[in-house]
Amino acid sequence: MLEIIRIHNELLGTYGDRGNADVLKYRAGLRNIRSRIIDVSYMDPLPITGDIYLLGGAEDAAQLLSLTALRKGSILKKAANRGAVVLAICAGFQILGTKYLTREEEIKGLDLLDVVTTPGDKRLVGDIAVQSDLFDFPLTGFENHSGVTTLGEGAEPFGYVRQGNGNGIAGLDGAINKNVFGTYLHGPVLARNPEFADLLLERAVGSTISSVEDEIATRYARWRRSLLK
Ligand code: GLN
């Protein structure tokens, strides 16, 4: 039974990233892989047993509250160290870094990714397309943030920005470290890019999964890509 842990949706649910869990469960089901979604509130301890952990985007105050709760016991870091998959979007991505800065303070992150986020001088809002080495076509999404994220030596970029802003520096989006993925792509990103969902499932089960024809999802993803400038 694959455990999909949806972290603090009451805080990290502002941008609809909760849908990532639903896409994973649905696409696991297409392969007869049994899974369940476990919603964990910021008031409850994070289970250590998860196969996939999901974090979404948030407003600044909610982001800090979530980070504060996740510091307890460093569960996410321990899970990532044993190979669990982590997908973190926008605010979720920022809190996985070594630190992030607001206009008022410097906040220590969870240290799953070697990135630092600083406040930008404008809000970066709109459609975004990213070419990742993991896929032979661009992924699409929607971004809405002001943070600018710089990669340290220990992080690889998730991809290269073809349209939009991503990290807001160096033409990059997101960061990867083994099975930990951070990106600025909302959408939800796994609904817009079902191939990414399948890659995460493969990482979680530790073997390749059968390809399936999910016609509506495939057509939607192709249509999104066809809109690229
Ligand atoms: N508050 C963060 C920023 O603006 C994250 C926003 C988000 O998660 N969409 O950079």
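The structure this text deals with has already been given above.
Below: a short report on this structure. Here the structure is a predicted model, which is why all the values come from computation and not from measurement.

1. A closer look at the site of the ligand
Every one of the 14 residues lining the ligand counts as a neighbour, but Ala 58, Asp 60, Cys 90, Asn 144 and Gly 147 are closest to it. Ala 58 is positioned such that a nitrogen or oxygen atom in its backbone is 3.0 Å from an oxygen atom of the ligand. Here the ligand has 300 Å² of accessible area as a free molecule, and 97% of this is covered by the chains. Every element with two or more residues in the shell around the ligand is listed here: helix H3 (60–71), helix H5 (91–95) and strand E8 (139–151). Tallying contributions element by element places E8 first for the shell around the ligand, with four residues.

2. Side note on a negative patch on the surface
Together, Glu 59, Asp 60, Glu 104 and Glu 105 line one region of the surface with negative charge. Checked against the element boundaries, Glu 59 lands in the loop between strand E3 (52–55) and H3. Judged by relative accessible area, Glu 59 falls into the partly exposed class, the value being 42%.

3. Some thoughts on the sheet that holds strand E2 (residues 35–40)
Backbone hydrogen bonds are what pair the strands of a sheet, in a parallel or an antiparallel way. Taking strand neighbours across the sheet as the criterion, the six strands line up as E2-E1-E3-E4-E12-E11 in an open arrangement whose pairing is mixed. Edge positions in the open sheet fall to E2 and strand E11 (175–177), since each of these has one partner strand only. When strand polarity is set aside, the average angle formed by the axes of neighbouring strands in this sheet is 15°. Summarising the sheet, strand E4 (residues 85–89) and strand E12 (residues 180–183) pair through four bridges and their orientation is parallel. What sits directly across from Ile 89, in E12, is Thr 183.

Conventions adopted
Residues numbered from 1 in each chain as written. Predicted model: local features only at pLDDT ≥ 70, side-chain atom pairs only at ≥ 80, totals over all residues. Heavy atoms only, no water. Near = heavy atom within 4 Å. Polar contact = N/O pair within 3.5 Å; in protein donor to acceptor, adjacent residues only side chain to side chain. Areas by Shrake-Rupley, 256 points an atom, 1.4 Å probe, with all protein chains shown as cover. Helix = DSSP H or I, 4+ residues; strand = E, 2+ residues; numbered from the N terminus. Patch = residues over 30% accessible without salt bridge, like charges linked within 9 Å, V, L, I, M, F, W, Y side chains within 5 Å. Salt bridge = Lys/Arg side-chain N within 4 Å of Asp/Glu carboxyl O. Lys, Arg positive; Asp, Glu negative; His and termini not counted. Charge placed at Lys NZ, Arg CZ, Asp CG, Glu CD. Buried < 20%, exposed > 50% of the residue type's maximum accessible area, 1.4 Å probe, protein only. Pairing = 2+ DSSP bridges. Axes fitted to C-alpha atoms, helices over the stretch in contact; angles between N-to-C directions.

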